[in-house]
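Chain and residue survey
One letter stands for each residue in the lines below.
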Amino acid sequence: MKTLTIYHGSPNIVIPTFGKGKDYNDYGRGLYCTESLELSKEWACSHDCDGYANKYALNTEGLKILNLNSPLFNILNWLAILLDNRKFTIAEGLPQEARKYILNNFLPEYKSFDVIKGYRADDSYFSYANDFVNNSLSLADLKEAMMLGKLGEQIVLKSRRAFNAVTVIDAIPADRGEYYARYSERDCSARAKYKELASHGFSPNELYVIDLIRENVKNGDARL
């Protein structure tokens, strides 16, 4: 049996309850957590208010866990899941075709899993994924951009089975005076680095979304 200590940052004390949450989060409806206490405190204070790092113990025995950061997956698998869940406007033409291509060729079977581990993409970071779909960002730059803010790996409880495996441990206060400043600094630094990255312009030797479509790139391609 392996027990993970996980944290959910929120302005409120949260008792894990299956079925709550928004459908259009990164991986759909679920409870979004992290193994980092400090990061969860930043998330708790992200709206400039005091909050809590809700601390839980997750018994992973018997749970079906999808780890998107394992070597079995690439960033396009992660992006496909985001495209399957997030609500945003995609222009007609190439961006719509790109969305269809990514969903048809890179979307892993993820809905049967109890727990999903993978990148976290807040609203500012999701705009980078949008730039890739619009063919204005290369695949290499997308990979780099997603690591700029060091948002860390999130652990998402998806199934009733996963929620039944969680035990509430504590609700640790997070002070906005300290942690909102940390959250803002991380976000501003990442935006500035991304602006510098985007200023490099077109890279003829890199893969763009239009290349994926034209060359019929699939999972397993060495360039991914």
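One can find the structure itself at the top, above this paragraph.
Read on for an overview of the structure. (Residues numbered from 1 in each chain as written. Predicted model: local features only at pLDDT ≥ 70, side-chain atom pairs only at ≥ 80, totals over all residues. Heavy atoms only, no water.)

1. Focus on the packing of helix α1 (residues 37-44) against helix α7 (residues 176-198)
In the contact formed by α1 and α7, the axes pass within 8 Å of each other and the chain directions differ by 95°. The angle between α1 and α7 places the two elements in the roughly perpendicular class. Every residue of α7 that contacts α1 at Glu38, Leu39, Lys41 and Glu42 is listed here: Tyr179, Arg182, Tyr183 and Arg186. Of the residues in the contact of α1 with α7, the class split is 3 nonpolar, no polar and 5 charged. (Axes fitted to C-alpha atoms, helices over the stretch in contact; angles between N-to-C directions. Helix = DSSP H or I, 4+ residues; strand = E, 2+ residues; numbered from the N terminus. Parallel < 35°, antiparallel > 145°, perpendicular 65-115°, else oblique. Contact = heavy atoms within 4.5 Å. Nonpolar A, V, L, I, M, F, W, Y, C, P; charged D, E, K, R; others polar.)

2. Comments concerning the packing of aromatic side chains
The final tally for this structure, using the stated rule, is 5 aromatic pairs. Aromatic pair Tyr27 and Tyr32: ring centres 6.4 Å apart, planes at 15°, arrangement stacked. Exposure remark for Tyr27: the relative accessible area of 0% places this residue in the buried category. Centroid distance Trp78 to Tyr119: 5.6 Å. Interplanar angle 85°. Geometry classified as edge-to-face. Of this pair, Trp78 sits in helix α2 (residues 75-85) while Tyr119 sits in strand β5 (residues 115-119), and the two are 41 residues apart along the sequence. Residue class for Trp78 comes out buried when judged on its relative accessible area of 1%. Taking the relative accessible area as the measure of exposure, Tyr119 reaches 23% and is therefore partly exposed. Here the basic side chain of Lys64 rests over the ring of Phe113, its NZ or CZ set 4.7 Å away from the ring centre. (Phe/Tyr/Trp six-rings, centres within 6.5 Å; stacked < 30°, edge-to-face > 60°. Buried < 20%, exposed > 50% of the residue type's maximum accessible area, 1.4 Å probe, protein only. Lys NZ or Arg CZ within 6 Å of the ring centre and 35° of its normal.)

3. Comments concerning the side chain of His8
Along the chain, His8 falls in strand β1 (residues 3-10). A residue is classified by how much of its surface remains accessible, and His8, at 15% relative accessible area, is buried. Apart from residues lying up to four places away in sequence, His8 is in contact with Val14, Leu31, Tyr32, Cys33, Tyr52, Ala53, Asn54 and Tyr56.

4. A closer look at the nonpolar core
Soluble globular proteins tend to bury their nonpolar side chains together. In this structure, Tyr27, Leu76, Leu79, Ile102, Phe132, Leu142 and Leu212 are the most contacted members of the largest nonpolar core, which totals 37 residues. For this core, the secondary-structure elements that each account for two or more residues are α2, α3 (94-106), α4 (123-133), α5 (139-145), α7 and α8 (209-214). Top contributing element to this core by residue count: α2, with 8 residues. Setting aside residues no more than four positions away along its own chain, Ile102 makes contact with Leu76, Leu79, Ala80, Leu83, Leu107, Phe132, Val133 and Val209. Judged by nonpolar contacts, the second largest core, of 15 residues, contains Leu63, Leu157, Phe163 and Val166. (Core = buried A, V, L, I, M, F, W, Y, C linked by side-chain atoms within 4.5 Å.)

5. Topic: the pairing of strand β3 (residues 51-59)
Of the pairings in the sheet, the one linking β1 to β3 comprises 8 bridges and is antiparallel in character. Looking across to β3, one finds that Tyr7 is bridged to Lys55. Inspection of the sheet shows β3 paired to strand β7 (residues 166-174) by 8 bridges, in the antiparallel sense. The residue bridging Tyr52 from the neighbouring strand is Pro173, located in β7. (Pairing = 2+ DSSP bridges.)

6. A word on unusual backbone geometry
With a phi angle near 70°, Asn135 is a residue other than glycine that sits in the positive phi range. Considering the arrangement of structural elements, one finds Asn135 in the loop between α4 and α5. Here Asn216, not a glycine, exhibits a phi torsion of approximately 55°, which is positive. Of note, Asn216 is situated in the segment after α8.

Distances and angles like these do not, on their own, reveal function.
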